[in-house]
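# Examining the three-dimensional arrangement
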Amino acid sequence: MGCGDACPVVPGHRYLDRPVPDPDGAPIAVVRSLRDAIDARITALLDTLPSA
């Protein structure tokens, strides 16, 4: 998820690019669906990270 700008590549880092449609002008049901999808992706990502 990002603005489409090029990011510097740092060796040893994992980069995830998750395209998300622009919700501007979309019906509230679509916006909520996008919100829920983002939440699910973040939750799944957090589950893969080592515990501190």
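All figures in this text were calculated on a predicted structure; none of them were measured in a lab.

Attention shifts here to the overall build of the protein. Per the secondary structure count, the protein includes one helix and zero strands. When the 52 residues of the protein are sorted by exposure, 2% land in the buried category. In the structure as shown, the protein presents an accessible area of about 4,700 Å², 60% of it carried by carbon and sulfur atoms.

Note that Thr48 resides in helix H1 (residues 28–48). Among the polar contacts made by the side chain of Thr48, one reaches the main-chain carbonyl oxygen of Leu45 at a distance of 2.7 Å.

Let us look at the pattern of salt bridges. Considering all chains together, one arrives at one salt bridge under this definition. Note that Asp36 is salt-bridged to Arg35, the shortest N-O span being 3.0 Å. Classification of Asp36 as partly exposed rests on a relative accessible area of 43%. Taking relative accessible area as the criterion, Arg35 reaches 49% and is therefore assigned partly exposed.

Okay, a nonpolar patch on the surface next. Side chains of Leu16, Ile42, Leu45, Leu46 and Leu49 sit close together on the surface and give an oily, nonpolar patch of about 420 Å² of accessible area. Mapped onto the elements, Ile42 comes out in helix H1.

Rules and cut-offs
Residues numbered from 1 in each chain as written. Predicted model: local features only at pLDDT ≥ 70, side-chain atom pairs only at ≥ 80, totals over all residues. Heavy atoms only, no water. Helix = DSSP H or I, 4+ residues; strand = E, 2+ residues; numbered from the N terminus. Buried < 20%, exposed > 50% of the residue type's maximum accessible area, 1.4 Å probe, protein only. Areas by Shrake-Rupley, 256 points an atom, 1.4 Å probe, with all protein chains shown as cover. Polar contact = N/O pair within 3.5 Å; in protein donor to acceptor, adjacent residues only side chain to side chain. Salt bridge = Lys/Arg side-chain N within 4 Å of Asp/Glu carboxyl O. Patch = residues over 30% accessible without salt bridge, like charges linked within 9 Å, V, L, I, M, F, W, Y side chains within 5 Å.

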